[in-house]
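These are the residues of each chain, in order.
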Amino acid sequence: MENSQLRDKVAYITGGTKGIGFGIAQALLAQGIKVAISSRSPEAALQAAQALSSDPSRVLGIGSQVGSAAAELKAVEAVVEHFGSLDVLIANAGVGHFAPIDELSYEQWRETIDTNLTGVFNSVKASLDALKQSKGYVITIASLAGANFFENGSAYNASKFGLVGFTQSIMLDLRKHGIKVTTIMPGSVATYFNNHTPNAEDAWKIQPEDLGQMVVDLLKMNPRTLPSKIEVRPAQTK
Ligand SMILES: NC(=O)c1ccc[n+]([C@@H]2O[C@H](COP(=O)([O-])OP(=O)(O)OC[C@H]3O[C@@H](n4cnc5c(N)ncnc54)[C@H](OP(=O)(O)O)[C@@H]3O)[C@@H](O)[C@H]2O)c1
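The structure displayed is predicted, hence computed values, not measured ones.

For this particular structure, what's the right way to read the overall build of the protein chain?
Across its full length, the protein chain holds six helices and seven strands. Compactness check: the protein chain gives a C-alpha radius of gyration of 17 Å against a globular reference of 18 Å for 238 residues, within 12% of the reference. Taken over the C-alpha atoms alone, the protein chain extends approximately 50 × 40 × 35 Å along its principal axes. Every one of the 238 residues in the protein chain was classed for burial, and the buried ones make up 52%. In the protein chain, of all internal contacts separated by at least 6 residues, the share reaching a separation of at least 24 is 69%.

Here's what the structure looks like:
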C-alpha cells in the first residue's frame, strides 16, 4: 500500500538493474516514490527501468559507472533534471573479487575499491547539494563482510570495512544538515552477485524484496529516530 508521506519523493539507486538494488526499486515504487536506477550499461538501465514501470514520469534508467566522479555528477544532475529533486540516495552498486592475496590481481583490487568504496564516496558527493535541500536520506549497502573478515576476502573485506567506517562518519557529519544516514550490512542475499544466478536452492537466503521492505521501514521511521547501522542475516542456515 502507498504511503502518503513517501508519495512523490525521489530516490536514486546505484546498481539498480538487478539484485538488491532492483528489489529496493520495486519496493520504493510501490510506495509512490519516483525512482532512478543506474548501472554501467545504459541499455541494462533502460531495460530495467521499463521493467519497473511503463510510466517515464515515475522511473528513470541511467548509465553511470560509480567509480567515475564525473559520471556520478552527471547522473545526479540527470535525476534532478528529470524529477526536480532528490530525497533518497541508495548507494548500492558493488562487485566482489575473491582470491588469496598471492593470486589477487591489482586490477581486481582496484575495481573492488573503486566501486565499493570510492564509488559510494562519488555518489554521496554528487548528491550532497540536492540532499541538503530536501533534508534527505543516504542508505549505503555494505555487508557483514564489513565486520567479519574471511579467507580470500582481502579486497572485498577492505572495501566493506572501509564503507562501514565511511558511512558511520558521514552519518555524524550530515546529521547536522538534517540528512539521515544508515548503512545496511546484509549476509547472504539471493542475487546475481559474483556471477551467481538466483535459483531454488537460494530459498534460505535473504531475498531482495526483504531489503526493499527494510528500506521502506527506515524511510517511514519517526524523523527523530535514526537506526544508523543494521546487520541483517538469513534467519536460518542453508
Ligand atoms: N548478494 C549478497 O549476498 C550481498 C550481501 C551483502 C552485501 N551485498 C552488496 O549488495 C550490493 C548489491 O549487490 P547484489 O548482490 O545486488 O549484486 P548484483 O545482483 O550483481 O547487482 C549489482 C548491481 O550493481 C551494478 N554495478 C556493478 N558495478 C557497478 C559500477 N561500477 N557502477 C554502477 N553500477 C555497477 C550492476 O549493474 P552492471 O553490472 O550492469 O553495472 C548491478 O545493477 C553490493 O554492494 C554488494 O556488495 C551483497
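Help me out: how do you make sense of the site of the ligand in this one?
Not every one of the 28 residues close to the ligand is listed here, only the nearest: T17, S39, Q65, Y156 and T191. T17 is positioned such that a nitrogen or oxygen atom in its side chain is 2.6 Å from an oxygen atom of the ligand. Notes on the ligand: free accessible area 890 Å², of which the protein chains cover 93%. Comparing atom positions with the cavity grids shows the ligand to sit within the largest pocket.

Looking at this structure, how should I read the packing of aromatic side chains?
Centre-to-centre distance and the angle between the planes together describe a pair of aromatic rings. For the structure shown, the criterion picks out five aromatic pairs. Each ring, one from F98 and one from F150, has its centre 6.3 Å from the other, and the planes form 35°; the classification is tilted. Here F150 lies in the loop between strand 5 (137-141) and helix 5 (154-175) and F98 lies in the loop between strand 4 (88-91) and helix 4 (106-134), a separation of 52 residues in the sequence. Taking 5.5 Å as the distance between ring centres and 50° as the angle between the ring planes, the aromatic pair formed by Y156 and F193 counts as tilted. One end of the pair, Y156, is in helix 5; the other, F193, is in the loop between strand 6 (180-186) and helix 6 (208-220), with 37 residues separating them in the sequence.

What is the right way to read the sheet that holds strand 1 (residues 10-13) from this model?
Pairing between the strands of a sheet is mediated by backbone hydrogen bonds and can be parallel or antiparallel. One open sheet accounts for seven strands, arranged 3-2-1-4-5-6-7; its pairing is parallel. Bordering the open sheet on either side are strand 3 (59-63) and strand 7 (229-232), each of which pairs with just one other strand. Looking at each pair of strands side by side, their axes are set apart by 15° on average, direction ignored. Relative to strand 7, strand 6 runs parallel, the two sharing four bridges. From the neighbouring strand, M185 faces strand 7, where its bridge partner is E231.

Hey, could you run me through helix 4 in this one?
The periodicity of an α-helix, 3.6 residues per turn, causes residues three or four positions apart to be oriented the same way. For helix 4, spanning 29 residues, the distance from its first C-alpha to its last is 40 Å, which sits close to the expected 42 Å at 1.5 Å a residue. If you look at helix 4, its biggest bend is around 55°, right at L128. Looking one or two places after helix 4, you find K135, whose phi comes out positive at around 50°.

Sorry, what's going on with the packing of helix 4 against helix 5 here?
If you want to describe how two helices pack, look at the angle between their axes and the distance between the axes. Here helix 4 crosses helix 5 at 15°, and the two axes come no closer than 7 Å. On the basis of their axis angle, the class for helix 4 and helix 5 is roughly parallel. Crossing handedness for the pair helix 4 and helix 5: right-handed. Listed contacts from helix 5 to W109, T112, I113, N116, L117, V120, F121, V124 and L128 of helix 4 are S154, A155, Y156, A158, S159, K160, G162, L163, F166, I170 and L174.

In this structure, what is going on with the environment of V80? I would like to understand it.
Here V80 is to be found in helix 3 (residues 69-83). Taking the C-alpha atoms as reference points, V80 and A130, separated by 50 residues in sequence, lie 7.8 Å from one another. Residues in contact with V80, not counting those within four places in the same chain, are S85, L86 and A130.

Could you clarify how one ought to interpret the pattern of salt bridges in this entry?
If the charged atoms of two oppositely charged side chains come close together, the side chains can form a pair. Taken as a whole, this structure holds six salt bridges when the rule is applied. One salt bridge connects R40 with E111, and the closest N-O pair in it is separated by 3.2 Å. With R40 in the loop between strand 2 (34-39) and helix 2 (42-52) and E111 in helix 4, this pair connects stretches of sequence that are 71 residues apart. E111 sits in the partly exposed class, given a relative accessible area of 28%. Of the charged contacts in the structure, one is a salt bridge between D202 and K205, with a shortest N-O distance of 3.1 Å. Here D202 and K205 have matching classes, each one buried. It is possible to trace a salt-bridge network through shared partners that takes in R7, D8 and R58.

Honestly, the packing of helix 1 (residues 19-30) against helix 6 in this entry has me stumped. Any pointers?
Where helix 1 meets helix 6, the axes come as close as 7 Å, and the angle between the chain directions of the two elements is 50°. Accordingly, the angle class assigned to the pair helix 1 and helix 6 is oblique. As for how helix 1 packs across helix 6, the hand of that crossing is right-handed. Contact residues: helix 1 offers G19, I20, G23, I24, A27 and L28, while helix 6 offers P208, L211, G212, Q213, V215, V216 and L219. Partitioned by chemical class, the residues of the contact of helix 1 with helix 6 number nine nonpolar, four polar and no charged.

Rules used throughout
Residues numbered from 1 in each chain as written. Predicted model: local features only at pLDDT ≥ 70, side-chain atom pairs only at ≥ 80, totals over all residues. Heavy atoms only, no water. Helix = DSSP H or I, 4+ residues; strand = E, 2+ residues; numbered from the N terminus. Rg over C-alpha atoms; globule rule 2.2 N^0.38 Å. Buried < 20%, exposed > 50% of the residue type's maximum accessible area, 1.4 Å probe, protein only. Contact = heavy atoms within 4.5 Å. Near = heavy atom within 4 Å. Polar contact = N/O pair within 3.5 Å; in protein donor to acceptor, adjacent residues only side chain to side chain. Areas by Shrake-Rupley, 256 points an atom, 1.4 Å probe, with all protein chains shown as cover. 1 Å grid on protein atoms, 1.4 Å probe; cavity = no way out; pocket = protein on both sides within 12 Å on 5 of 7 lines; lining within 4 Å. Sits in = over half its atoms within 2 Å of the grid points. Phe/Tyr/Trp six-rings, centres within 6.5 Å; stacked < 30°, edge-to-face > 60°. Pairing = 2+ DSSP bridges. Axes fitted to C-alpha atoms, helices over the stretch in contact; angles between N-to-C directions. Expected span 1.5 Å × (residues − 1). Bend = angle between axes of the 7 residues up to and from the residue. Parallel < 35°, antiparallel > 145°, perpendicular 65-115°, else oblique. Left-handed = near helix turned anticlockwise from the far one by under 90°. Salt bridge = Lys/Arg side-chain N within 4 Å of Asp/Glu carboxyl O. Nonpolar A, V, L, I, M, F, W, Y, C, P; charged D, E, K, R; others polar.

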